Amino acid sequence: MSGDIAVLGAGMHPWGKWGRSFVEYGTVAARAALADAGVDWTDVRSVVGADTVRGGYPGYVAGATFAQALGWQGARVTSVYAACASGAQAINTARAQILAGMADAVLVVGADAAPKGFFAPAGGDRHDDPDWLRFRVLGATNPAYFGLYARRRMALHGDTVEDFAQVKVKNAAAGALNPNARYRKAVSAEEVAASAVVADPLRLLDICATSDGAAALVLTSMDFARRHGATDPVRIRAVSTVTPTYPKAVLDLPDIATDSAAAVEPSPHSFRASIARAAYEEAGIGPEELSLAEVYDLSTALELEWYEDLGLCGTGEGAKLVRDGATALGGRIPVNASGGLASFGEAVPAQAIAQVCELTWQLRGTAGARQVAGARVGITANQGLFGHGSSVVAVH
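Residues numbered from 1 in each chain as written. Predicted model: local features only at pLDDT ≥ 70, side-chain atom pairs only at ≥ 80, totals over all residues. Heavy atoms only, no water.

Engineer: Lay out the overall build of the protein chain with the relevant residues and their values.
Structural biologist: The number of helices and strands found in the protein chain is 13 helices and 11 strands. Evaluated residue by residue, the protein chain yields a buried proportion of 57% over its 396 residues. Taking as baseline every contact in the protein chain between residues at least 6 positions apart, the subset at least 24 positions apart corresponds to 75%. For the protein chain, the exposed surface amounts to about 15300 Å²; the carbon and sulfur share of it is 54%. Taken together, the 33 basic and 40 acidic charged side chains of the protein chain have centroids lying 4 Å from each other. (Helix = DSSP H or I, 4+ residues; strand = E, 2+ residues; numbered from the N terminus. Buried < 20%, exposed > 50% of the residue type's maximum accessible area, 1.4 Å probe, protein only. Contact = heavy atoms within 4.5 Å. Areas by Shrake-Rupley, 256 points an atom, 1.4 Å probe, with all protein chains shown as cover. Lys, Arg positive; Asp, Glu negative; His and termini not counted. Charge placed at Lys NZ, Arg CZ, Asp CG, Glu CD.)

Rendered as structure tokens:
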């Protein structure tokens, strides 16, 4: 049996700050995906919801929330939470159900109505929760970590604030072409440099916002797709959700300490690199076969890390790719042709699903002005708190 499943439909609710319920956003995205797939809601036999945990009780049972909003029709439901990797784990859950023969057509939905400003931990005292501890012990917001990542790149590889700014310039140019993006305006390096310092050396325009938004996919078996007239659909070939390997010798969100490396040599591969490596191995491809990538650009500096983790270049060479224009639209390997989180902001349960929506449109050749010519293979890369990895390989 082939391990491929078909992406029959993709849909989104535009990102922004709309002031409405995440359920409304998710329902709009779901209906758009169903329409794109040409599939009736009653044909869907499973709904997998990526949880939003700040929107009240219904967010904790996202699968049932969206099934009810679309109209009860007996489909099984599943809810998934893996922080920023929730969407990819929802995709993986849907894939497992399809390949196990539990459902021919599965709707995957993620949506959020994010708070303004920095993400903060949920209320209450949780002394065994590293996310709670890093706020209460260190006062370390997400941008504080982003600044530390950036400083490490500057110290180890000689990256500059000008290199970081070019990532924002590149992504803003792509986002300006995307009707679903929140920020649709080109940005200059001078504007990045003139924006307020948030966590030195990163400025406001180096860091992604928090947003409202939603994304959805209709995933099906290959037989179901063929029966519905899709003879050559975009296919998901691999989903990686691996965890770190001991010893983990580099600080990462939300940790405030590392595993000991005193008696054990650190792994030659970073956690993020292992996420992509597992996806490549499952898909039977290498980075040289990619047409494009969608990566998790929480900050401009972090995008450069992903270039190296995905094997697009050697360690320390990420900034050179940006300087050479290799990762821009029209470059050798476009990264974040959607505009990335720089143009969308974070809608946590939706963003890994949105990445696959972008791959779907690019591989179909329907991405409009931001189309990557001849796109055939794409990869996503994302990372959630608490050791949640996320990478999806799609082919056409």
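Now that the structure has been shown, the text picks up again.
Engineer: How would you explain the pairing of strand β10 (residues 377-384) if you had to name every residue and give the values?
Structural biologist: Burial analysis of β10 places 8 of its 8 residues in the buried class, the great majority of the element. Here β10 shows two buried faces, one formed by Val377, Ile379, Ala381 and Gln383 and the other by Gly378, Thr380, Asn382 and Gly384. Relative to β10, strand β9 (residues 292-295) is paired through 4 bridges, and the arrangement is parallel. Considered in β10, the bridge of glutamate 294 is made with threonine 380. Two elements, β10 and strand β11 (residues 388-395), share 6 bridges in a ladder whose sense is antiparallel. (Pairing = 2+ DSSP bridges.)

Engineer: Lay out unusual backbone geometry in plain terms, naming residues and giving numbers.
Structural biologist: Put simply, aspartate 200 and proline 201 share a cis peptide bond, and its omega is 15°. Locating proline 201 in the fold gives a position in the loop between β5 (197-199) and β6 (202-203). Cis peptide bonds are those with omega within 30 degrees of zero, and the linkage from leucine 253 to proline 254 qualifies with -5°. Looking at where proline 254 falls in the secondary structure, it is placed in the loop between β8 (234-240) and α9 (271-283). Look at alanine 83: it is not a glycine, yet its phi comes out positive at around 55°. Looking at the element boundaries, alanine 83 is found in the loop between β3 (76-80) and α3 (86-99). Alanine 83 sits in the buried class, given a relative accessible area of 4%. Positive phi, close to 60°, is recorded for asparagine 336, a residue that is not glycine. Assignment of secondary structure puts asparagine 336 in the loop between α11 (318-323) and α12 (340-344). Accessibility expressed as a relative area gives 1% for asparagine 336, which makes it buried.

Engineer: With reference to specific residues and values, describe the nonpolar core.
Structural biologist: One finds Leu290, Tyr307, Leu310, Leu312, Ile379 and Val393 to be the most contacted residues of the largest nonpolar core, which totals 50 residues. Elements supplying a minimum of two residues to this core: α5 (142-157), α6 (161-175), α9, β9, α10 (300-309), α11, β10 and β11. The greatest single-element share of this core, amounting to 6 residues, is contributed by α9. Among residues more than four places away in sequence, those in contact with isoleucine 379 are Ala279, Tyr280, Leu290, Leu292, Ala293, Glu294, Leu310, Leu359, Ser391, Val392 and Val393. Judged by nonpolar contacts, the second largest core, of 40 residues, contains Ala94, Ala352, Ile353 and Trp361. (Core = buried A, V, L, I, M, F, W, Y, C linked by side-chain atoms within 4.5 Å.)

Engineer: Describe in detail the packing of α5 against α10, supporting the description with residues and values.
Structural biologist: Where α5 meets α10, the closest approach of the two axes is 8 Å, and the angle between their N-to-C directions is 55°. In terms of axis orientation, α5 runs oblique to α10. Crossing of α5 over α10 shows left-handed handedness. Across from Tyr149, Ala150, Arg153 and His157 in α5, the residues of α10 making contact are Ala301, Leu302, Leu304, Glu305 and Glu308. (Axes fitted to C-alpha atoms, helices over the stretch in contact; angles between N-to-C directions. Parallel < 35°, antiparallel > 145°, perpendicular 65-115°, else oblique. Left-handed = near helix turned anticlockwise from the far one by under 90°.)

Engineer: Tell me what's going on with the environment of alanine 172, and back it up with residues and numbers.
Structural biologist: Secondary-structure assignment places alanine 172 in helix α6. Residues alanine 172 and alanine 394, spaced 222 residues apart in sequence, show a C-alpha to C-alpha distance of 24 Å. Ignoring sequence-local partners within four residues, the contact set of alanine 172 consists of Lys185, Ala186, Val187 and Ser343.

Engineer: Would you mind going over a nonpolar patch on the surface in detail, with residue names and values included?
Structural biologist: The grouping of Phe118, Val198 and Leu204 at the surface amounts to a nonpolar patch, some 270 Å² of accessible area in total. One can find valine 198 in strand β5. On the basis of relative accessible area, valine 198 is assigned to the partly exposed category, the value being 32%. (Patch = residues over 30% accessible without salt bridge, like charges linked within 9 Å, V, L, I, M, F, W, Y side chains within 5 Å. Salt bridge = Lys/Arg side-chain N within 4 Å of Asp/Glu carboxyl O.)

Engineer: Could you give an account of helix α4 (residues 130-138), with specific residues and numbers?
Structural biologist: Buried within α4 we find Asp131, Trp132, Arg134 and Phe135. The buried side chains of α4 occupy one side of the element, clustering within an arc of 165° when seen end-on. The exposed residues of α4 that point more than 90 degrees off its buried face are Val137 and Leu138. At its buried positions, α4 is contacted by α5. Sitting at the amino-terminal end of α4 is aspartate 129, which places a side-chain oxygen 2.8 Å from the backbone nitrogen of aspartate 131. (Arc of directions from axis to C-beta. Polar contact = N/O pair within 3.5 Å; in protein donor to acceptor, adjacent residues only side chain to side chain.)

Engineer: Pulling in residues and values, what's your account of the sheet that holds β8?
Structural biologist: Strand order in the open sheet made by the 9 strands is β3-β2-β4-β7-β1-β8-β11-β10-β9, with mixed pairing throughout. Looking at which strands have only one partner, the edges of the open sheet turn out to be β3 and β9. Adjacent strand axes in the sheet meet at a mean angle of 25° when their direction is disregarded. Pairing of strand β2 (residues 46-50) with β3, which is carried by 5 bridges, proceeds in the parallel orientation. Each residue of the ladder has a partner; that of alanine 50, found in β3, is valine 80. Here helix α2 (residues 62-70) sits on the sheet in contact with β2, β3 and β4 (105-113), set at roughly 135° to β3.

Engineer: Explain the environment of arginine 272 residue by residue, including any values.
Structural biologist: Among the secondary structure elements, arginine 272 is positioned in helix α9. The spacing of arginine 272 and alanine 352 is 80 residues in sequence and 15 Å in space, taken between C-alpha atoms. Sequence-distant contacts of arginine 272, defined by excluding residues within four places in its chain, comprise Arg152, Asp252, Leu302, Glu305, Trp306, Asp309 and Gln383. Within the structure, arginine 272 has its side chain in polar contact with the side chain of glutamate 305 (distance 3.1 Å).

Interpretation in functional terms is not warranted from these geometric data alone.
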